[in-house]
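Topology and contacts: notes
Next come the chains, spelled out residue by residue.
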Amino acid sequence: MVDRRMTRRTALKLSAAGAGLLVAGRYVPAAAQIPPLPKKDTYTVGFAQTGSNNPWRLGESKSMQDEAKRLGYTLVETNANEDTAKQIADVDSLIAQKVDILIFPPRESQALAPSVLKAKAAGIPVILIDRDVDHSIAKPGEDYITFIGSDFVDQGRRAAEWLVKATNGKAKIIELEGTTGADPAIERKKGFDEYLQGSFKGTPTPEGPYPDMEIIASQTGNFLRDTGREVMQTLLQAHPDVTAVYAHNDEMAIGAIAALQEAGRKPGEDVILVSIDGENAALDAIVDGTLGATVESSPFFGPIAFKTMQQYIDGEDIPDWVKVEDRFFDKSNAAEFQGKQF
Ligand code: AHR
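Residues numbered from 1 in each chain as written. Predicted model: local features only at pLDDT ≥ 70, side-chain atom pairs only at ≥ 80, totals over all residues. Heavy atoms only, no water.

Observations regarding the pairing of strand 8 (residues 171–177)
To keep things clear, this is the line we draw: Burial classes: relative accessible area under 20% of the type maximum marks a residue as buried, over 50% as exposed, and values in between as partly exposed (1.4 Å probe, protein chains only). Helix numbering and strand numbering both begin at the N terminus, where a helix is a DSSP run of H or I of at least 4 residues and a strand a DSSP run of E of at least 2. Strands pair, by our definition, only if DSSP identifies at least two bridges between them. Clockwise travel from the first strand over the helix to the second, with the strands pointing away from the viewer, marks a crossover as right-handed.
Counting buried residues in strand 8 gives six out of seven residues, a clear majority hidden from the surface. Bridge count between strand 8 and strand 9 (residues 213–220): seven bridges; the pairing is parallel. Pairing of L176 across the sheet is with Q219, part of strand 9. Remark: the strand 8/helix 6 (residues 183–197)/strand 9 crossover connection has right-handed handedness.

What follows is the structure, given as structure tokens:
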């Protein structure tokens, strides 16, 4: 019998022995539960990385490798080389290898959601780190253990808030978006746009709208430095009146700085830039004055991912979202953290 005070998540967990149970008067078959992870001396963990072509990804992979090594677990790692179809195939292969658990960042939120369901059907529990999947297809606490990551909407809000202050509420903005269909690209855009439109819901309540903060162009730079640079070169020709850049990550901001300098513009003076991540190169750019500020988005998921896995093994309650808190770097503190990030 299910205690009515129990959450659905707790009830599902308690039924992990295999039998179905009644939830809100409805019979839920055992197959609908997140697979259990029994106590063992060691584990084989599948880690399907999206790519290895930027410092953020390298920092995330190293963090996972270091923690797996510290615990004496085997980390079976794949690299999708920023190709969504390859990441889907990589997850299939890790499922076929019967890893004990899958921990990975889904490159695109809709495309990778069926992979989460496939793992569940194969009896392999999943923890998503850094990026989430579309909850209309796969749900945390029901289809996978949890999502561990930043509040991307709030990152966009914080970038917008800084930019409004830095430009006295008047700017012609080029936005360099992340990978199309990726959770951080969708949500960083949403938080930024909503803040400028005055429709952001959260605390503190923003004072907007800011009608003189105009987004004159918005295009994907795929979270990559070279692509950010090429896109900025093209957009600069069409929009020489640009006075600000919002890049969804530091790598694209650094690419944009190079493009602006090649075009004889002065990033940090006649074009103000803000981005997200907090990588070492971005802190250097803040110190040299070309980048204005960056909202941190930590890639160091190893310790928190394996701790959450242990909590699952121990039968503890895990929230649907294990939220990572991010710092903010600008000229007031960038020098203090130079060389200490990734
Ligand atoms: O998902 C997090 C984002 O992915 C980082 O901001 C970016 O640098 C990375 O490629």
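Notes on the packing of helix 3 (residues 84–96) against helix 4 (residues 113–121)
As a reminder, the rule being used: Fitted lines through C-alpha atoms serve as axes, helices being fitted only where they are in contact, and the angles separating the N-to-C directions of these axes extend from 0 to 180 degrees. The cut-offs work like this: below 35 degrees is roughly parallel, past 145 is roughly antiparallel, 65 to 115 is roughly perpendicular, and the gaps in between are oblique. Note on definitions: a residue-residue contact is assigned when non-hydrogen atoms from the two residues lie within 4.5 Å. All residues other than Ala, Val, Leu, Ile, Met, Phe, Trp, Tyr, Cys, Pro, Asp, Glu, Lys and Arg, Gly among them, are scored as polar; the first ten of these are nonpolar and the last four charged.
Between helix 3 and helix 4, whose axes approach to 10 Å, the crossing angle comes to 5°. One finds that helix 3 runs roughly parallel with respect to helix 4. Of the residues in helix 4, those in contact with I88, V91, D92 and I95 of helix 3 are S115, K118 and A119. Of the residues assigned to the contact of helix 3 with helix 4, the class counts are four nonpolar, one polar and two charged.

Regarding the sheet that holds strand 10 (residues 244–247)
If you walk across this open sheet you meet the six strands as 9-8-10-11-12-14, and the pairing is mixed. Here the strands that pair on one side only, and so sit at the sheet edges, are strand 9 and strand 14 (328–329). Strands in contact with helix 7 (residues 225–238) are strand 8, strand 9 and strand 10; relative to strand 8, the strand with the most contacts, it is inclined by about 145°. Helix 8 (residues 250–262) rests against strand 8, strand 10, strand 11 (272–277) and strand 12 (293–296) of the sheet, and its axis sits at about 155° to strand 11.

Here we look at the nonpolar core
Convention followed: We define the nonpolar core as a collection of buried residues of types Ala, Val, Leu, Ile, Met, Phe, Trp, Tyr and Cys that are connected through side-chain atoms lying within 4.5 Å of one another.
If you look at the biggest cluster of nonpolar residues, it comprises 30 residues, and the most contacted ones within it are I174, L176, M232, V245, L273 and L291. If you list the elements that add at least two residues to this core, you get strand 8, strand 9, helix 7, strand 10, helix 8, helix 9 (280–287) and helix 11 (334–337). Ignoring any residue separated from it by four or fewer positions in sequence, one finds L273 in contact with W162, V245, A253, A256, I257, L260, P267, G268, T290, L291, G292 and A293.

Thoughts on the environment of R229
Turning to its location among the elements, R229 is positioned in helix 7. Between the C-alpha atoms of R229 and M252, which are 23 residues apart in sequence, the distance is 6.8 Å. Not counting chain neighbours up to four residues away, the residues in contact with R229 comprise G255, A256, A258, A259 and E262.

A closer look at the pairing of strand 7 (residues 146–150)
Counting buried positions over the five residues of strand 7 gives five, a clear majority of the element. Two elements, strand 6 (residues 126–129) and strand 7, share three bridges in a ladder whose sense is parallel. When the sheet's bridge partners are listed, I127 is paired in strand 7 with T146. In this sheet, strand 13 (residues 321–324) lies alongside strand 7 in parallel orientation, the contact comprising four bridges. Across the sheet, S150 pairs through a bridge with V324, a residue of strand 13.

Some words on the packing of helix 7 against helix 8
Keep this limit in mind: Should the near helix be turned anticlockwise from the far one by less than a right angle, the crossing is left-handed, and should it be turned clockwise, the crossing is right-handed.
One can describe the packing of helix 7 onto helix 8 by two numbers: an axis separation of 7 Å at closest approach and a directional angle of 45°. Taken together, the axes of helix 7 and helix 8 lie oblique to each other. Helix 7 and helix 8 meet at a crossing whose hand is right-handed. Counted together, R225, G228, R229, M232, Q233 and L236 of helix 7 and E251, M252, I254, G255, A256, A258, A259, L260 and E262 of helix 8 form the full contact between these two elements. Grouping the constituent residues of the contact of helix 7 with helix 8 by class yields eight nonpolar, three polar and four charged.

Observations concerning the site of the ligand
This is how the line gets drawn: Residue proximity to a molecule or strand is established when one non-hydrogen atom of the residue lies within 4 Å of it. Two N or O atoms form a polar contact when they lie within 3.5 Å of each other; inside protein one atom must be a possible hydrogen donor and the other a possible acceptor, and for residues adjacent in sequence the pair counts only when both atoms belong to side chains. Residue exposure ignores everything except the shown protein chains as possible cover, and the areas themselves are Shrake-Rupley values with a 1.4 Å probe. In this entry, domain limits derive from an automatic or database-based domain assignment.
What surrounds the ligand is the set N54, W56, R57, D130, R131, P184, R188, F223, N249 and D277. At a separation of 2.8 Å, an oxygen atom of the ligand approaches a polar side-chain atom of R57. Between the ligand and the protein, one listed contact pairs an oxygen atom with a side-chain N or O atom of R131 at 2.8 Å. For the ligand, the protein covers 99% of the area, taking 280 Å² as the surface of the free molecule. Contributions of two or more residues to the shell around the ligand are made by helix 2 (55–71) and helix 6. A per-class count over the shell around the ligand returns three nonpolar, two polar and five charged. A domain split of the shell around the ligand shows at least three residues from each of domain 1 (38–150 + 300–325) and domain 2 (152–297).

Here's the deal with the sheet that holds strand 3 (residues 44–49)
The sheet built from six strands is open, its strands ordered 4-3-5-6-7-13 with parallel pairing. A strand with exactly one partner marks an edge of an open sheet, and here the two such strands are strand 4 (74–79) and strand 13. Within the sheet, the average angular offset between the axes of one strand and its neighbour, ignoring direction, is 15°. Sheet strands touched by helix 3: strand 3, strand 4 and strand 5 (101–104). Its angle to strand 3, the strand with the most contacts, is close to 170°.

What about the domain arrangement of the protein?
Selection rule: Put simply, buried area is how much 1.4 Å-probe accessible surface two parts lose in total, over both of them, once they are put together. One side-chain nitrogen of Lys or Arg within 4 Å of one carboxyl oxygen of Asp or Glu is enough to make a salt bridge.
Here the protein is partitioned into domain 1 (38–150 + 300–325) and domain 2 (152–297). Each partner contributes to the interface: domain 1 provides 13 residues, whereas domain 2 provides 18 residues. The largest share of the area that domain 1 buries against domain 2 comes from W56, R131 and S150, three residues that together contribute 41% of it. The tally of links from domain 1 across to domain 2 stands at zero salt bridges. Linking domain 1 with domain 2 are six residue pairs in polar contact (both at pLDDT 80 or more). Listing elements by their share of the side of domain 1 that touches domain 2, those giving two or more residues are helix 2 and strand 7.

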